[in-house]
Amino acid sequence: MASRAVVIGPAAYAPDSGIDSHPSIGESARMYGEVLADDAMWGADSCRVLGTDEVQSADGVMRALQEAADATGPEDILLVVYVGHGQYWSDLPGAQVHFSVGSSHRDEPWTWLSSWYVYRVMRKARARLKVLIADCCYSNLLPQLGNEPELPGVLGAWDEGTCVFTAVKNANFAPAEGCSALPGDLANCTPFSGHLLRILQGGTKDHNPRLTIGLLREAVRREMASCPSARHQVPRMSLNDARDGAPLFTNRMEPMRRDLPPRLPVDPEDWVRTLMLDRDAHLAELLRDERKTGDVVALLSSRPDDASQHLARHIDVKANEMFRPHAFARYWSKVEKALRV
């Protein structure tokens, strides 16, 4: 068993399909394959960039995805990267995002790949962490997977988490033309993938030797927000019981160029900022002080975003496991009101 990554990038469409072909899609897929193959956490044997024949049909994509999912075990990661066109038909039963394949036609939903099929394969995989990176239009709607209550969250049915990282958050349309501010081949990728790949290639100044989900999210957000060439869309990350601190990629920046490890957080706001990047960073130290732990959980619980709520529950579980009766009483006095809201 081993971690598996599948990269899906249908770049060419029939002239009468009504769908634009974008070389940037194919270039992005190629670059993901190169970067992952060169990453010590992955390697060439763990990463598969689907070929032209495979991305031509939904069947080709799903067979490759199922094969990768079946190869993962309970200690592994399943990573799926989709770069292409996305569409959302609200007049279909159980409206959902659809991914284009090479044989798709613009106004023929049955020729597209339903995201539900991708989600089902990922949900049933045994991998401890399942990550979908979606660089396409309407990827901001991917967390809205319908009203079926039996489906546990965004993707996952296993104890470990899932993550959906998308090119857009507040808009439906993700640009495909490359960003001129990016160097070399990265300028030929789509803007979101180009900036994300730059982080994977060059790393970040964070002292950690590996990029966690939280670190990757913050690095890509900062990278795109500070880009001088264009006003990029805001990317979105949706976690479902995923560990922000789960290592996902190698931090390739030379150790001498990275920042020194940060000081131990002091007040609840410092703890929240630190734990949002890596939910297990210094957590053992936080749990030494039951009152401070209660303050942090209360602060997180007061914030409306899903990531804060998930983190609050994670720390609360640890507190319940660790604190003896007297210590738990001091913790509960700080957090009871927030958790009962």
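Refer to the preceding data block for the structure.
Here's a quick rundown of the structure.

Criteria and cut-off values
- Residues numbered from 1 in each chain as written.
- Predicted model: local features only at pLDDT ≥ 70, side-chain atom pairs only at ≥ 80, totals over all residues.
- Heavy atoms only, no water.
- Helix = DSSP H or I, 4+ residues; strand = E, 2+ residues; numbered from the N terminus.
- Buried < 20%, exposed > 50% of the residue type's maximum accessible area, 1.4 Å probe, protein only.
- Contact = heavy atoms within 4.5 Å.
- Areas by Shrake-Rupley, 256 points an atom, 1.4 Å probe, with all protein chains shown as cover.
- Phe/Tyr/Trp six-rings, centres within 6.5 Å; stacked < 30°, edge-to-face > 60°.
- Pairing = 2+ DSSP bridges.
- Salt bridge = Lys/Arg side-chain N within 4 Å of Asp/Glu carboxyl O.
- 1 Å grid on protein atoms, 1.4 Å probe; cavity = no way out; pocket = protein on both sides within 12 Å on 5 of 7 lines; lining within 4 Å.
- Points joined across faces, edges and corners; volume = space filled by probe spheres on them.
- Nonpolar A, V, L, I, M, F, W, Y, C, P; charged D, E, K, R; others polar.
- Axes fitted to C-alpha atoms, helices over the stretch in contact; angles between N-to-C directions.
- Parallel < 35°, antiparallel > 145°, perpendicular 65-115°, else oblique.
- Left-handed = near helix turned anticlockwise from the far one by under 90°.
- Core = buried A, V, L, I, M, F, W, Y, C linked by side-chain atoms within 4.5 Å.

Focus: the overall build of the chain
Right, so step 1: If you tally the helices and strands in the chain, you get 10 helices and 11 strands.
Right, so step 2: Buried positions account for 54% of the 341 residues belonging to the chain.
Right, so step 3: Counting only contacts in the chain whose residues sit at least 6 apart along the sequence, the fraction spanning at least 24 positions is 72%.
Right, so step 4: For the chain, the exposed surface amounts to about 16200 Å²; the carbon and sulfur share of it is 50%.

Thoughts on the packing of aromatic side chains
Right, so step 1: Counted under the stated rule, the structure contains 6 aromatic pairs.
Right, so step 2: Ring centres of tryptophan 42 and phenylalanine 249 lie 6.4 Å apart, and the angle between their planes is 40 degrees; this geometry places the pair in the tilted category. With tryptophan 42 in the loop between helix H1 (23–37) and strand S2 (47–49) and phenylalanine 249 in strand S11 (residues 247–250), this pair connects stretches of sequence that are 207 residues apart.
Right, so step 3: The class of phenylalanine 249 is buried, set by a relative accessible area of 2%.

Side note on the sheet that holds strand S6 (residues 113–114)
Right, so step 1: Spatial strand order, S4-S5-S6: 3 strands in an open sheet with antiparallel pairing. A single partner strand is all that each edge strand has here, and the edge strands are strand S4 (86–88) and S6.
Right, so step 2: Alignment of S4 against strand S5 (residues 97–99), held across 3 bridges, turns out to be antiparallel. Bridging from a neighbouring strand, glycine 86 pairs with phenylalanine 99 of S5.

Some words on the pattern of salt bridges
Right, so step 1: On inspection of all chains with the given rule, the structure shows 14 salt bridges.
Right, so step 2: For the salt bridge of arginine 48 with glutamate 54, the shortest nitrogen-to-oxygen distance reads 2.3 Å.
Right, so step 3: Arginine 48 sits in the partly exposed class, given a relative accessible area of 30%.
Right, so step 4: Aspartate 305 is paired through a salt bridge with arginine 303; the nearest N and O atoms lie 3.9 Å apart.
Right, so step 5: Each of Glu27, Arg30, Glu34 and Asp185 takes part in one network of salt bridges that share partners.

Here's the deal with empty space enclosed by the protein
It is the rolling of a water-molecule-sized probe over the atoms that shows where space remains empty.
Right, so step 1: Taken as a whole and assessed by the stated rule, the structure comprises 3 cavities of 30 Å³ or more.
Right, so step 2: A volume near 60 Å³ is recorded for the largest cavity.
Right, so step 3: Lining the largest cavity, in full, are Asp135, Ala167, Val168, Ala174, Pro175, Pro191, Phe192, Met224, His232 and Gln233.
Right, so step 4: Across the lining of the largest cavity, the residue classes break down as 7 nonpolar, 2 polar and 1 charged.

Some details on the packing of helix H2 (residues 58–70) against helix H3 (residues 115–124)
Right, so step 1: Across the interface, H2 lies against H3 with an axial gap of 9 Å and an inter-helix angle of 15 degrees. When the axes of H2 and H3 are compared, the pair comes out roughly parallel. Judged by the sense of rotation from one axis to the other, the crossing of H2 with H3 is right-handed. When H2 is examined against H3, the residues Met62, Leu65, Gln66 and Ala69 are found in contact with a partner set consisting of Tyr117, Val118 and Val121.
Right, so step 2: Class assignment of the residues belonging to the contact of H2 with H3 gives a composition of 6 nonpolar, 1 polar and no charged.

Brief notes about the nonpolar core
Soluble globular proteins: nonpolar side chains tend toward being buried together.
Right, so step 1: In this structure, Trp42, Leu79, Ile133, Leu248 and Phe249 are the most contacted members of the largest nonpolar core, which totals 43 residues.
Right, so step 2: Elements represented by at least two residues in this core include exactly strand S1 (4–8), H1, strand S3 (77–83), strand S7 (129–135), strand S8 (162–166), helix H4 (191–202), helix H5 (213–225) and S11.
Right, so step 3: Per-element tally for this core: the top contributor is H1, with 6 residues.
Right, so step 4: One finds Val61, Val121, Leu132 and Leu141 within the second-largest nonpolar core, a separate group that totals 31 residues.

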